[in-house]
Amino acid sequence: MESLYIVVPAYNEQLNIETTIKQWYPIVEKYNGGGLSRLVVVNDGSTDKTGDILGQLEKTMPLLKPLKKKNGGHGSSVLYGYRYAIHKRADYIFQTDADGQTNPDEFDAFWKMKDQYDAVIGKRTVRGDGQSRKFVENTVCLLLRIVFGVKVSDANAPFRLMKTALVKKYIRKLPENYNLPNIMMTTYFVYYHEKVCFLEISFKPRRAGKNSINGKKIMKIGWEALGDFRRLKKEL
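Residues numbered from 1 in each chain as written. Predicted model: local features only at pLDDT ≥ 70, side-chain atom pairs only at ≥ 80, totals over all residues. Heavy atoms only, no water.

S.K.: Can you help me understand the overall build of the chain in this one?
M.R.: Summing up its helical and strand segments, the chain has 8 helices and 7 strands in all. A compact globule built from 236 residues would reach a C-alpha radius of gyration of about 18 Å, and the chain, at 17 Å, matches this within 12%. Counting only C-alpha atoms, the chain reaches 50 × 40 × 30 Å along its principal axes. Across the 236 residues of the chain, 49% fall into the buried class. Within the chain, contacts between residues separated by at least 24 positions form 82% of all contacts whose residues are at least 6 apart in sequence. Within the chain, the 25 negative side-chain charges are centred at a point lying 5 Å from the centre of the 39 positive side-chain charges. (Helix = DSSP H or I, 4+ residues; strand = E, 2+ residues; numbered from the N terminus. Rg over C-alpha atoms; globule rule 2.2 N^0.38 Å. Buried < 20%, exposed > 50% of the residue type's maximum accessible area, 1.4 Å probe, protein only. Contact = heavy atoms within 4.5 Å. Lys, Arg positive; Asp, Glu negative; His and termini not counted. Charge placed at Lys NZ, Arg CZ, Asp CG, Glu CD.)

S.K.: I'm lost on the sheet that holds strand E3 (residues 64–69) in this one. Help?
M.R.: What links the strands of a sheet is backbone hydrogen bonding, and the strands pair in either a parallel or an antiparallel sense. The sheet built from 7 strands is open, its strands ordered E3-E2-E1-E4-E6-E5-E7 with mixed pairing. The open sheet has two free edges, formed respectively by E3 and strand E7 (196–201), since each of these has just one partner strand. Within this sheet the neighbouring strands show an average axis-to-axis angle of 20°, counted without direction. Of the pairings in the sheet, the one linking strand E5 (residues 119–124) to E7 comprises 6 bridges and is parallel in character. Note on E7: the bridge partner recorded for Val120 is Cys197. Against the sheet, helix H2 (residues 50–58) engages strand E1 (4–10), strand E2 (38–44) and E3, with an angle of about 155° to E3. Running at roughly 90° to strand E6 (residues 159–163), helix H6 (residues 164–171) makes contact with strand E4 (92–96), E5 and E6 of the sheet. (Pairing = 2+ DSSP bridges. Axes fitted to C-alpha atoms, helices over the stretch in contact; angles between N-to-C directions.)

S.K.: What is the right way to read the packing of helix H1 (residues 17–30) against H2 from this model?
M.R.: Each pair of packed helices can be summarised by the angle the axes make with each other and by the distance between the axes. Remark: H1 packs on H2, axes separated minimally by 10 Å, with the N-to-C direction vectors making an angle of 35°. The two elements H1 and H2 cross, and the hand of that crossing is right-handed. Within the contact between the two elements, H1 uses Ile17, Glu18, Ile21 and Lys22 and H2 uses Thr50, Ile53, Leu54 and Leu57. In terms of residue class, the contact of H1 with H2 is made up of 5 nonpolar, 1 polar and 2 charged. (Left-handed = near helix turned anticlockwise from the far one by under 90°. Nonpolar A, V, L, I, M, F, W, Y, C, P; charged D, E, K, R; others polar.)

S.K.: Is there a simple way to explain the environment of Phe148 in this structure?
M.R.: Locating Phe148 in the fold gives a position in helix H5 (residues 131–148). By relative accessible area, Phe148 is classed as buried at 5%. Distance in space between the C-alpha atoms of Phe148 and Thr187 is 7.8 Å, their sequence separation being 39 residues. Apart from the residues lying within four places of it in its own chain, the contact partners of Phe148 are Leu143, Met184, Thr187, Tyr191, Phe229, Leu232, Lys233 and Leu236.

S.K.: I would appreciate a short explanation of the pairing of E1 in the present structure.
M.R.: Regular strands place their side chains on alternate faces of the sheet. For E1, a buried count of 7 out of 7 residues is recorded, marking the element as mostly surrounded by other parts of the structure. Alternating positions in E1 separate into two faces, Leu4, Ile6, Val8 and Ala10 on one and Tyr5, Val7 and Pro9 on the other, with burial throughout. As judged from the 4 bridges shared by E1 and E4, these two strands associate in the parallel manner. Across the sheet, residue Leu4 finds its bridge partner in E4, namely Tyr92. In this structure, E1 lies alongside E2, joined through 6 bridges in parallel fashion. Each bridged residue has a counterpart across the sheet, and for Ile6 the counterpart in E2 is Leu39. Handedness of the crossover joining E1 and E2 through H1 is recorded here as right-handed. (Right-handed = clockwise from strand over helix to strand, strands pointing away.)

S.K.: Just checking my understanding: could you explain the packing of H6 against helix H7 (residues 181–191) for this structure?
M.R.: At their nearest, the axes of H6 and H7 sit 10 Å apart, and the two run at 100° to each other. By the angle between their directions, the pair H6 and H7 is classed as roughly perpendicular. Here Leu166, Val167, Tyr170 and Ile171 of H6 lie close against H7, whose contacting residues are Met185, Tyr188 and Phe189. Partitioned by chemical class, the residues of the contact of H6 with H7 number 7 nonpolar, no polar and no charged. (Parallel < 35°, antiparallel > 145°, perpendicular 65-115°, else oblique.)

S.K.: Help me out: how do you make sense of the packing of aromatic side chains in this one?
M.R.: A ring pair, where both rings are aromatic, is described by two values, the distance of the centres and the angle of the planes. Applying the stated criterion to the full structure yields 17 aromatic pairs. Ring centres of Tyr31 and Trp111 lie 4.8 Å apart, and the angle between their planes is 40°; on these two criteria the pair is classed as tilted. Here the residue Tyr31 occupies a position in the loop between H1 and E2, and Trp111 occupies one in helix H4 (residues 107–111), the gap between them amounting to 80 residues. Of the residues examined, Tyr31 reaches a relative accessible area of 13% and is grouped as buried. Given the relative accessible area of 11%, Trp111 is considered buried. Relative to Tyr192, the ring of Tyr191 lies with its centre 5.0 Å away and its plane at 80°, an arrangement referred to as edge-to-face. The partly exposed category is assigned to Tyr191, whose relative accessible area is 29%. Looking at Tyr192, the relative accessible area reads 31%, which means it is partly exposed. (Phe/Tyr/Trp six-rings, centres within 6.5 Å; stacked < 30°, edge-to-face > 60°.)

The structure is reproduced here in structure tokens:
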């Protein structure tokens, strides 16, 4: 049986983390190939009670694996989790976020497609997090088409099932703590004609707490991303 590592980055998610874990833990139990599947929560230097909550849940959830790292942002936490899954020789990596915006009930449809595709990526047709976020995503997809010549329907969805071998193949192309790894992973998959498909998912408003990314940060990240895209394009 094939093992599944679900990677969940978390920063100051004390209001969401317990619910998120209890929602996703049954998925790891269901697809616990050889007893080796894990729910990996990467605690990105949280200063609230996220770490304490993870410690308590770990006592009764043997498939939960909390990891703690110095704060470095969402992207570095995603990469940290991916590298951990690669090191542990997981067969599949699934990534989602800790804020409760994704629906575990939609995972099964992705798993059923794993033999047809090397990566199945969520497509957020309707977004519960507002039009501004949808505008940002549309802009990113436009930039990817201009810079890399790739057409993707959703570059950064935090709902993606990937063969670990595929992630390992492309993670080496990224800087160690690159802040937009999922965007570039999606780009690489499409650019190099890997077997990838986009499957529609629901995307709810954030369940609780405050998003740490505001409009000013989005503009800064976007400007830096354009420079990164141009640099990474030269390395293809």
